[in-house]
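# Notes for the structure review
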Amino acid sequence: MDSRELALLGTIRAAPADDGPRLVYADWLEEQGRCERAEFIRIQIERSHLDTYDPRQVNLVRRERELIHGLSAAWSSAELRELARYFPPSDEPPFEPLDPSTTRELPPDPRWYFQRGFPAVEISPTQFLQNADWLLNPVSLLQVHIGGDSYRELMERYRSPDASPNRAEIFMRMLTTPSAANAVTRLMLTEPGDWPQFLDLARDLRLIELQSASATLEPRHMLESARHAALANLAELRLSGHQSPSESFRALAGWQCLPHLRRLELRSNRITPETVAILLKALDSSRIQSLD
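Parameters at a glance
- The numbering scheme is per chain: residues are counted from 1 as the chain's sequence reads.
- Under the rules for a predicted model, residues below a pLDDT of 70 receive no local features and side-chain atom pairs below 80 are neither given nor counted, while totals for whole chains, interfaces and linings still include all residues.
- Side-chain numbers come from the whole structure's heavy atoms, not from hydrogens or water.
- Here, strands pair whenever DSSP counts at least two bridges between them.
- We count a stretch as a helix when DSSP gives it H or I for four or more residues in a row; a strand needs E for two or more, and each element gets its number in order from the N terminus.
- Contacts between residues were defined by any pair of non-hydrogen atoms, one from each residue, lying within 4.5 Å.
- Here the axes come from fitting lines to C-alpha atoms, over the contacting stretch only for helices, and the angles between their N-to-C directions go from 0 to 180 degrees.
- In these notes the angle categories are as follows: under 35 degrees is roughly parallel, over 145 is roughly antiparallel, 65 to 115 is roughly perpendicular, and the rest is oblique.
- Each crossing is labelled by how the near helix is turned from the far one, with a counterclockwise turn of less than a right angle marking it left-handed and a clockwise turn marking it right-handed.
- Throughout this entry, Asp, Glu, Lys and Arg are counted as charged residues, while Ala, Val, Leu, Ile, Met, Phe, Trp, Tyr, Cys and Pro are counted as nonpolar. The remaining residues, Gly among them, count as polar.
- Using a 1.4 Å probe on the protein chains alone, a residue whose accessible area is under 20% of its type maximum counts as buried, one over 50% counts as exposed, and one in between counts as partly exposed.
- Starting at the helix axis, one direction is taken to each C-beta atom, and the arc is that of these directions.
- Each polar contact in these results corresponds to two N or O atoms within 3.5 Å; when the atoms are within protein, one needs to be able to donate a hydrogen and the other to accept it, and residues that are neighboring in sequence are counted only if both atoms are side-chain atoms.
- A residue counts toward a patch only above 30% relative accessible area and without a salt bridge, and it is joined to like-charged neighbours within 9 Å or, for Val, Leu, Ile, Met, Phe, Trp and Tyr, to nonpolar neighbours within 5 Å.
- Computed by Shrake-Rupley with a 1.4 Å probe, the accessible areas treat only the displayed protein chains as cover when residues are assessed.
- Throughout this description, the term salt bridge denotes a Lys or Arg side-chain nitrogen within 4 Å of a carboxyl oxygen of Asp or Glu.

The next thing to look at is the sheet that holds strand β6 (residues 236–240). Taken in spatial order, the 8 strands line up as β1-β2-β3-β4-β5-β6-β7-β8 in an open sheet, and their pairing is mixed. With one partner strand each, in any of the chains shown, β1 (111–115) and β8 (290–291) form the two edges of the open sheet. Strand contacts of helix α6 (residues 125–135): β2 (118–123), β3 (143–146) and β4 (184–189), with the helix running at about 145 degrees to β2, the strand carrying the most contacts. Contacting β4, β5 (209–213) and β6, helix α10 (residues 194–201) runs over the sheet at an angle of about 145 degrees to β4.

Contact geometry of α6 with helix α8 (residues 167–176) gives a least axis separation of 9 Å together with a crossing angle of 50 degrees. One element, α6, and the other, α8, form an angle in the oblique class. In the crossing of α6 with α8, the sense of the turn from one axis to the other is left-handed. Residues P125, T126, F128 and L129 of α6 form the contact with α8, whose participating residues are R167, I170, F171, R173 and M174. When its residues are assigned to classes, the contact of α6 with α8 shows 6 nonpolar, 1 polar and 2 charged.

This part takes up the packing of helix α2 (residues 20–31) against helix α3 (residues 35–48). The contact between α2 and α3 brings their axes to 7 Å, and the two run at 155 degrees. In terms of orientation, α2 and α3 fall into the roughly antiparallel class. Viewed along their axes, α2 and α3 form a crossing whose handedness is left-handed. From α2, R22, L23, Y25, A26, D27, L29 and E30 reach across to α3, where they touch C35, R37, A38, I41, R42 and I45.

To continue, consider α8. Among the residues of α8, those classed as buried are R167, I170, F171, M174 and L175. One side of α8 carries all its buried residues, which in axial view fall inside an arc of 135 degrees. Buried residues along α8 sit against α6, β3, α7 (151–159), α9 (178–183), β4 and α10. Looking at where α8 begins, the residue whose side-chain oxygen comes 3.0 Å from the main-chain nitrogen of A168 is N166.

A cluster of nonpolar side chains, contributed by V276, L280 and L291, occupies part of the molecular surface with about 250 Å² of accessible area. Among the residues examined, L291 registers a relative accessible area of 44% and is labelled partly exposed.

Before going further, it helps to examine unusual backbone geometry. In this model, R116 sits at a positive phi of 50 degrees, which is unusual for a non-glycine residue. Despite not being glycine, S268 shows a phi value in the positive range, around 60 degrees. Examined against the element boundaries, S268 turns out to sit in the loop between β7 (263–265) and α13 (273–282). For S268, a relative accessible area of 57% translates into the label exposed.

Right under this line is the structure:
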């Protein structure tokens, strides 16, 4: 890989929410005769700006699938493919869609996919710390999405709470490692202590998406997030299943990141119509593509 390509990839990594550098890289790829890879980047970026039910999606999806078979093997390293393989534990119940009592809804082991033209990997904080060195390989240009703990990690912590690493300490280490600032573009907050740690320690992250579920969100977190540096380029915000009063969600209207927001999900929260009206007035309607 020559210095020009490395420089283009570095520009993309420095501005993960910006489509411009990705399209510049696609133009460069086309000039080098790598037309299919360039086309794939452009298609995924175009699809990301269309509504799910837009009629143009049909042809774009068809062409995307034709291209991805040839590109996925070339763009992903052997280590990434191995990391992302899912081996169900022997004691995991079989999936039974008609009987929820036998279906264990827990996070899977790592998985990887393509997002806006480039490989992305979804892993837990522990897995990120264990694999950070090669995850940041500029050839792969991974977009790292930190999710919840994997099934295997949850079971190890349940079976051996004294021997397993403390989850809060692992999450803190993940937020403060220099590697995270260069790679993590999506973060999921799942535990009661995740929000306070995020607000205190995650100043250097460049997040595209922030997701928080269940009862981890307190009203003060909404207020303290208004000017948080890690949210400056936030494009997607997903807050679901919280028990906070409706008034606390009105603080979203003052978030500095809202001008860049494209998708906002507030499902299963106690939000009144008055709060919805305040948020709609604050949002940039020219940018918002999805509001749930």
